[in-house]
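Residue strings, one per chain:
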Amino acid sequence: MAVQDATSEVLVDTLERSLRNRRIAKHVGIFLTLTLLWELGSRMGWLDPLFYPRPSNIIRSFWLIYFQNANVWFHLYSTISLVIIGWVLGSMLGIGLGALVGFNTVIRRFLKPYVIVLEATPRIAVAPLLIAALGFGVNSKLAIIMLVCFFAPFINTLSGVINVNEERLELFRSMRASKTQILRKLVLPDAIPVIMAGERLALTAALSGALVAEFIQRDKGIGSLILVYTRNLNMASAFACIFTLTIIGFLIFKGMEKLDHYIAYWKYEGGRERMSAKRKRTMVEP
Amino acid sequence: MKMFKVTMLSTAVAFAALPSVSFAQDTVISVIKPTPRSAVFFPLVVGEALGYFEDEGITVNLLPSDTSIPYVAFIQNGQADLAMLDPNETINAINAGANINTVYEVMQNAPEGIAVLAGGEYTSMDDLVGTTVGLVSDRDRAFLQAALDITGHSIDDVQTVVLGESGPTLAAAIRDGNVSAISGSVFDWAALVANGIEIDTVTPEELLASPANTLAMNADMIEEKREAMEGFFRAWSKGMHVGATNPDAVEAMLRAAVPEEWEVEAAGMGLFQGVLPMNISTTERMGDLQADVWTSVQPRMLSSGAIKNVVDVSTFLNDTYIDAANDFDKAQVEAAAAAWLEAN
């Protein structure tokens, strides 16, 4: 019986792997076909080279900016560090304020109208004013990013906190749980999946915020490099920078997905088992 | 607790990744201007490559920005020590009560111009009447106003549209006939020409002799910042002198400092050749202030509506740093540039 189970498990694994490989092959095939069509269209003059540089030139530009001239690294470092710091600070503010407003009805009543007004204000339009107020440099750039990525964690934390399961809350209260215990054992575990969803949105927004800041303050960063390239009509390198941002955005998304799987593990299939196995291993190992 | 530790750790890591901050003892001069380090203002790049700013104990903090807030505001609130302004911006700021002095002329010939498609239907300013003219930025409106005024027209005789600095937008607009002409600068044309879009300029001759991209500062800080400013302008003038005497060295320095402008050889070379003469003073003293030119351009600006009142130039032109800016051994600078070129 055990041998039969093991065999069917292996079969399922092989089938799943084969399906996954086939799916990846299909994606790669579509991507390569589109790229080849683009290259062909550019070479035949069907596509305007002012807007659509040849993919082969874009690949050459990747080589130029990453290895031959290696000028992209400095800008990449600047953009990524800004995104991470801005996101961490914006999230801390968003989660902190969201929790505060969620727990305290008086604060909620007074703060809510301001938050709604601020949420309705196009944050990008405020960017030049922030630079004028806070000055040039890292501070104003961080402020723009924080402003852009503050709302998702704030709203999600607030919603997670105020939508706590009433019956379970009653149960905790009936068992005379302290406020800290309610927060740690009930509210936070309930809210974390929603907060994590907000964090995912915030991190993606942080990248856009950084770009806006760099478009206004052109000292460094991928945004300012894109402006230099487009001004010089070097569209292949501009596209290389844009694709770099696409890759960063994708990695951010995947990274947040992993983090979400790790932090809010109970939300996912097999998450509890995986975590308990891990804990068991830690307990057994000296 | 574990969650708290993770948060603290990630915050610490994030702070560790903060872009490096300079704690050098040098005096920092903050300059707000439209572009980052570029061939467009090569004396800065040359001065840095040859260590002239460092020798003067100065760190240049560039504030390249496309903000919609006037640059003068950044001088007034102390965020910038120097602002790069065009004549009409300077006069308008003075008229608005800004306490600023123009202390150095970076360019003494206007890099601005009105460009049309070569061999196209528009061959003079008169042809532009009734058409749509593209502006690279809102700052180019005043130049177009003056050009139209000289040729007996007004800004109301044309429609204007701000196209922005993006090369593809400018190129497509003029190539496809969406605009009859573009009011911009030599920096904007270089990329178009390098990409096979031939252009002609229809700029009235009278507008070519005009200060451009002049550096202005808070008048109250003239004495307080004298030492640093003199050093800054001396280093800038040295860079300008290298441009006049050894363009090959300048080209090599630019290729090293701003490789992104040289990835397309024709565009890089076109830009360099366009900006080289623009950055070299025509006056005897480098960066000198041409009071007569400032006086002569104002009535034109007034009649075109670019400024509200004519201003007495003695109230804002201040050449107090110019002698010090020219006080250096030219032979030594030439030798240093030649040595740099040989070593690199």
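All figures in this text were calculated on a predicted structure; none of them were measured in a lab.

Now for the overall build of chain A. Counting its regular elements, chain A contains 11 helices and zero strands. For chain A, the N- to C-terminal ordering of α and β elements is α-α-α-α-α-α-α-α-α-α-α. In terms of C-alpha radius of gyration, chain A reaches 25 Å, well past the compact-globule figure of 19 Å for 286 residues. With respect to the three principal axes, the spread of C-alpha positions in chain A is 75 × 70 × 40 Å. Restricting to contacts in chain A with at least 6 residues of sequence separation, those with at least 24 account for 73%.

Right, let's get into the overall build of chain B. Scanning chain B from terminus to terminus reveals 14 helices and 10 strands. A compact globule built from 344 residues would reach a C-alpha radius of gyration of about 20 Å, and chain B, at 22 Å, matches this within 12%. Counting all 344 residues of chain B, 49% fall into the buried class. A separation threshold of at least 6 residues defines the contact pool for chain B, and within that pool the share at least 24 residues apart is 84%.

Moving on to the pairing of strand β7 (residues 159-162) of chain B. In this structure, strand β6 (residues 132-135) of chain B lies alongside β7 of chain B, joined through four bridges in parallel fashion. The residue bridging Gly134 of chain B from the neighbouring strand is Val161 of chain B, located in β7 of chain B.

A few words on the environment of Pro189 of chain A. Looking at the secondary structure, you find Pro189 of chain A in helix α8 (residues 179-216). Placed 82 residues apart in sequence, Pro189 of chain A and Gly271 of chain A show a C-alpha to C-alpha distance of 14 Å.

Whenever strands of a sheet pair, they do so through backbone hydrogen bonds, lying parallel or antiparallel. All names here are of chain B. Reading across from one edge, β7-β6-β8-β5-β9 is the order of the five strands in this open sheet, with mixed pairing throughout. One side of each edge strand has no neighbouring strand; the edge strands of this open sheet are β7 and β9 (199-201). Each adjacent strand pair in this sheet contributes to an overall mean axis angle of 30°, direction not counted. Against the sheet, helix α8 (residues 186-194) touches β5 (112-117), β8 (181-185) and β9, its axis set at about 120° to β8.

Attention now goes to the interface of chain A and chain B. Taken residue by residue, the interface counts 32 residues in chain A and 33 residues in chain B. Listed by contribution, the elements that provide at least two residues to the side of chain A that touches chain B are α3 (72-103), α5 (123-134), α8, α9 (222-231) and α10 (235-263) of chain A. A per-element tally of the side of chain A that touches chain B places α9 of chain A first, with six residues. By residue class, the composition of the side of chain A that touches chain B is 18 nonpolar, 11 polar and three charged.

All right, on to the nonpolar core then. Of all hydrophobic cores here, the largest spans 163 residues; its most connected members are Ile145, Cys149 and Ala206 of chain A together with Ala83 and Ala181 of chain B. Look past the residues within four positions of Ala181 of chain B in its chain and what remains in contact with it is Ile114, Ala115, Val116, Tyr122, Leu128, Val133 and Val202 of chain B.

Let us now look at the sheet that holds strand β1 (residues 27-33) of chain B. Residues and elements named next belong to chain B. Reading across from one edge, β2-β1-β3-β10-β4 is the order of the five strands in this open sheet, with mixed pairing throughout. One side of each edge strand has no neighbouring strand; the edge strands of this open sheet are β2 (58-64) and β4 (100-107). In this sheet, adjacent strand axes meet at a mean angle of 25° when their direction is disregarded. Judged from the three bridges that link them, strand β3 (residues 82-85) and strand β10 (residues 212-218) form a sheet pairing that is antiparallel.

Okay, the domain arrangement of chain B next. All names here are of chain B. Assigned domains within chain B: domain 1 (27-108 + 212-343) and domain 2 (112-202). One C-alpha centre belongs to domain 1, the other to domain 2; they are set 26 Å apart. Domain 1 puts 18 residues into the contact, and the matching count from domain 2 is 15 residues. Contributing elements (two or more residues each) for the side of domain 1 that touches domain 2: α11 (265-278) and α12 (291-304). It is α11 that provides the largest number of residues to the side of domain 1 that touches domain 2, a total of seven residues. Of the residues belonging to the side of domain 1 that touches domain 2, the class tally is 10 nonpolar, six polar and two charged.

Turning our attention to unusual backbone geometry. Residue and element names in this part refer to chain A. One non-glycine residue, Ala70, lies in the positive phi region at around 50°. Here Ala70 shows up in the loop between α2 (55-68) and α3. The phi dihedral of Arg176 falls on the positive side, at around 55°, and the residue is not glycine. With respect to the element layout, Arg176 can be found in the loop between α7 (166-174) and α8. Among the residues examined, Arg176 registers 7 C-beta atoms within 10 Å and is labelled exposed.

On to helix α4 (residues 105-120) of chain A. Spanning 16 residues, α4 of chain A covers 22 Å between terminal C-alpha atoms, matching the ideal 22 Å at 1.5 Å per step. Within α4 of chain A, only zero of the 16 residues are buried, which leaves it mostly out in the open.

So, on to the pairing of β10 of chain B. Residue and element names in this part refer to chain B. Across the seven residues that make up β10, a large majority, six, are buried. Direction of pairing for β4 relative to β10: antiparallel, over a ladder of six bridges. By the bridge assignment, Met107 is partnered in β10 with Ala212.

This brings us to the environment of Thr230 of chain A. Residue placement: Thr230 of chain A occurs in helix α9. You can call Thr230 of chain A buried: it has 23 C-beta atoms within 10 Å. Spatially, the C-alpha atom of Thr230 of chain A lies 51 Å from that of Val106 of chain A, the residues being 124 residues apart in sequence. For Thr230 of chain A, the residues in contact, after removing those within four places along its chain, are Ala238 of chain A together with Ser166, Gly167 and Pro168 of chain B.

Okay, the confidence of the model for chain A next. Mean pLDDT over chain A: 86, with 97% of residues reaching 70 or higher. Mean pLDDT per element in chain A: helix α11 (residues 271-284) of chain A is the minimum at 75, and α2 of chain A is the maximum at 94.

Here we take up the packing of α3 of chain A against α9 of chain A. Packed helices, taken two at a time, are described by their axes: the angle between them and the distance between them. Residue and element names in this part refer to chain A. Where α3 contacts α9, the axes come no closer than 8 Å and their chain directions differ by 135°. Compared by their axis directions, α3 and α9 come out oblique. Mapping the contact onto sequence places Val72, His75, Leu76 and Thr79 in α3 and Ile222, Ser224 and Leu225 in α9.

Quick look at the confidence of the model for chain B now. Close reading of the predicted structure is inappropriate where its pLDDT is low. Residues and elements named next belong to chain B. Averaged over every residue, the pLDDT of chain B is 87; residues scoring 70 or more account for 92%. The low-confidence segment residues 1-24, where pLDDT is below 50, has 16 contacts with residues more than four positions distant or belonging to other chains. Model confidence for the complex is summarised by a pTM of 0.78, with the ipTM given as 0.75.

With that settled, consider the packing of α9 of chain A against α10 of chain A. Residue and element names in this part refer to chain A. Running from N to C, α9 and α10 cross one another at 155°; their axes reach a closest spacing of 8 Å. When the axes of α9 and α10 are compared, the pair comes out roughly antiparallel. Pair α9 / α10 crosses with left-handed handedness. Each of Ile222, Leu225, Ile226, Tyr229 and Thr230 in α9 lies in contact with α10, whose residues at this interface are Ser237, Ala238, Cys241, Ile242, Thr244 and Leu245.

The rules behind these values
- Per-chain numbering applies: the sequence of each chain, read as written, is numbered from 1 onward.
- Both sets of labels track the order of writing: A upward for chains, 1 upward for ligands.
- With pLDDT at 70 or above as the cut-off, local features in this predicted model cover only qualifying residues; side-chain atom pairs require 80 or more to be listed or tallied, and sums for whole chains, interfaces and linings still use all residues.
- Secondary structure elements are defined from DSSP: runs of H or I of at least 4 residues count as helices, runs of E of at least 2 residues count as strands, and each element is numbered from the N terminus.
- In this description the radius of gyration comes from C-alpha coordinates, and the expected globular size is given by 2.2 Å times residues to the power 0.38.
- For every residue pair, C-beta atoms are placed from the backbone, and the pair is scored as a contact if these atoms sit within 7 Å.
- Residue burial here comes from a neighbour count, namely the number of other C-beta atoms, placed from the backbone, that lie within 10 Å of the residue's own C-beta, with 20 or more meaning buried, 12 or fewer meaning exposed, and in between meaning partly exposed.
- Each pair of strands is called paired provided DSSP finds at least two bridges between the two strands.
- For helices, the fitted axis covers only the stretch in contact; all axes are lines through C-alpha atoms, and the angles between them, taken along N-to-C directions, range from 0 to 180 degrees.
- Three residue categories are used. Nonpolar comprises Ala, Val, Leu, Ile, Met, Phe, Trp, Tyr, Cys and Pro, charged comprises Asp, Glu, Lys and Arg, and polar comprises the others, including Gly.
- Connectivity within a nonpolar core runs through C-beta atoms within 7 Å, and the core itself is a set of buried Ala, Val, Leu, Ile, Met, Phe, Trp, Tyr and Cys residues.
- The domain boundaries here were taken from an automatic or database domain assignment.
- One less than the number of residues in a helix, times 1.5 Å, gives the span that helix is expected to have.
- Confidence scores here are pLDDT values: one per residue, from the predictor, ranging 0 to 100.
- Here is the rule for angles: anything less than 35 degrees is roughly parallel, anything more than 145 is roughly antiparallel, 65 through 115 is roughly perpendicular, and the remaining ranges are oblique.
- Left-handed is the label given to a crossing in which the near helix is rotated counterclockwise from the far helix by less than a right angle, and right-handed is the label when the rotation is clockwise.

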